[in-house]
Each structure stands twice: as structure tokens, then as C-alpha cells.
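Here's the letter readout for the chains.
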Amino acid sequence: MKSLSKKSATKWLLSSAIASTLIFTLAGCSNTEEENPKLEKTSDASVTEPTDYVPASADGPAQNVPEPRLPAVATENTEEGAQAALEYFWEAAQYVRLTGETKPLAQISSKDCDFCNAFIKDWETTYKEGYWAVPEGEVTLSVADSWIGEDEKTGAHSADVLFSVSEPLVVVYDADGQQLESANIDPKEDTEWFALLIFDATSQRWNVDWIGLEELVSWED
């Protein structure tokens, strides 16, 4: 099996491809005809909060974005499971960029993943300061190759995945609704990426241990 050494991917934080517009509509909440006395004291049960997905725009960030769900196959200790976990990682990262909510991404990221940690911290700060991102298109991901092995340090099952990403223009707005030219993420077509995933036998799922541009990886036979 090939071994590899990896350089830091943190500097590529804002050029990562995780900006897809998620076009979903959530079902509206239904009310039972039976009245709840306790609920009546605190709210009007006949009024429901809007649940339709609202895309991000110059007027404000996306609203009611559906939280991605980890597919069952991503919990399998197989090559297919690792690929499914990587696809979910990308969806969770898209969710972070559209909402600033990082829990789904953190759950599938290793604590040692520099890119993951930097990405999470950056977008948490972005949304806390009132900024938001508007993707002008969708991200596409295509797996080129993958193979299963063992982590040299722990002996745990690992998966190396080579994949390509095509991403759209992403526009960033500040708290005053002004477009930040310097923060815009230019579109990149078919950028080559690499990811290393480790299977956590305790949580029974794959975690992304390293992810970055393929050019940052040095291969040795």
C-alpha cells in the first residue's frame, strides 16, 4: 500500500468547495384539534412558524435549511461506507456555510483534522458577526478512486479517497448587507482533492482525519 505525507490545508479554507444551494422544502407543522392548556398560556397553537426553505440572497442568509442526515451506509466499515461518509461531510459543510451551525460537520470530523477545525471556527465566527454566504450555483463531487487500509498509528481501518470538485461563485455579505469583494470565493472547476478517513469502531462511523487539495499530498511506494 502507498504511504503519504500531508501538508497543512488550512490556507485553503475559503477556497473549499462547500457552497451548494440546498433546494428543499420542509413540510409544514400540523396541529392537533385537541387543545393543550399549558401551550395556550405560552403561545397561540393555531399559528405555526414558517418552514419553507428560503435561499440565501443579498437580503439575508438562508432560512429553514434542512439539516443533513448521516446515511446508514456511512456507518459501514466498507469502501462504500467511506465514500458515503465523505459525501455527507461535504453536505454538512454546505450546511455550515449556509447556516453557521457546525454540529453535523463536527460529528464526522476528527479532532486532528486541521482543515475541519479551521473551517468550523471560521464559519462560526462569520455568522456570529452577522455575515452570510450566498452561493450562485451548486457544488458537484465525483469520486475518482478509493482504497481501504490501516492507520499506521492506531491500526484502525482507514480509507483514502481521491475525488474532484466543481464549485460555483460564492458571494459574502457583511452585517450591513454590503457585498465583501475580498471575501468572494471564485468558481473552480474540477479541482482535485484527497481525503483520509478513519473508521471509529466505538461510534461506528467514518470520520474525516485529513482533507485538502491533492497537490498537498506526497505519495511514496
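Up top is the structure.
Residues numbered from 1 in each chain as written. Predicted model: local features only at pLDDT ≥ 70, side-chain atom pairs only at ≥ 80, totals over all residues. Heavy atoms only, no water.

A. Layout of the pattern of salt bridges. In total, this model carries 2 salt bridges according to the counting rule given. Lys 111 is paired through a salt bridge with Asp 112; the nearest N and O atoms lie 3.6 Å apart. (Salt bridge = Lys/Arg side-chain N within 4 Å of Asp/Glu carboxyl O.)

B. Quick look at the environment of Ala 72. In this fold, Ala 72 is placed in the loop between α1 (37-42) and α2 (79-99). Ala 72 sits in the exposed class, given a relative accessible area of 60%. Put simply, Ala 72 and Arg 205 are 133 residues apart on the chain and 9.3 Å apart in space, counted from C-alpha to C-alpha. (Helix = DSSP H or I, 4+ residues; strand = E, 2+ residues; numbered from the N terminus. Buried < 20%, exposed > 50% of the residue type's maximum accessible area, 1.4 Å probe, protein only.)

C. Summary view of the state of the cysteines. In the structure shown here, the tally under the stated rule is 1 disulfide. Residue pairing for Cys 113: its cysteine sulfur links by disulfide to Cys 116, the two sulfurs lying 2.1 Å apart. Between Cys 113 and Cys 116, the S-S dihedral sits near 65°, and the bridge is therefore right-handed. Overall, the relative accessible area of 0% leaves Cys 113 in the buried class. (Disulfide = S-S within 2.5 Å.)

D. The environment of Asp 52, seen in detail. Looking at the secondary structure, you find Asp 52 in the loop between α1 and α2. Note: C-alpha distance between Asp 52 and Val 65 (13 residues apart in sequence) is 8.6 Å.

E. Region of the structure containing the side chain of Ser 146. You can see Ser 146 is positioned in strand β3 (residues 140-150). Side chain to side chain, Ser 146 and Glu 79 meet in a polar contact 2.5 Å long. Within polar-contact distance, the side chain of Ser 146 engages the side chain of Gln 83 at 2.7 Å. Discounting residues that sit within four places of it in the chain, Ser 146 has contacts with Glu 79, Gln 83, Asp 160 and Val 161. (Polar contact = N/O pair within 3.5 Å; in protein donor to acceptor, adjacent residues only side chain to side chain. Contact = heavy atoms within 4.5 Å.)

F. View of α2. The end-to-end C-alpha separation of α2 is 30 Å, in line with the 30 Å expected for 21 residues at 1.5 Å each. Extensive coverage of α2 is indicated by the burial of 16 of its 21 residues. Backbone geometry just after α2 places Gly 100 at a positive phi near 80°. (Expected span 1.5 Å × (residues − 1).)

Everything listed here is a matter of coordinates, which is why it stays silent on function.
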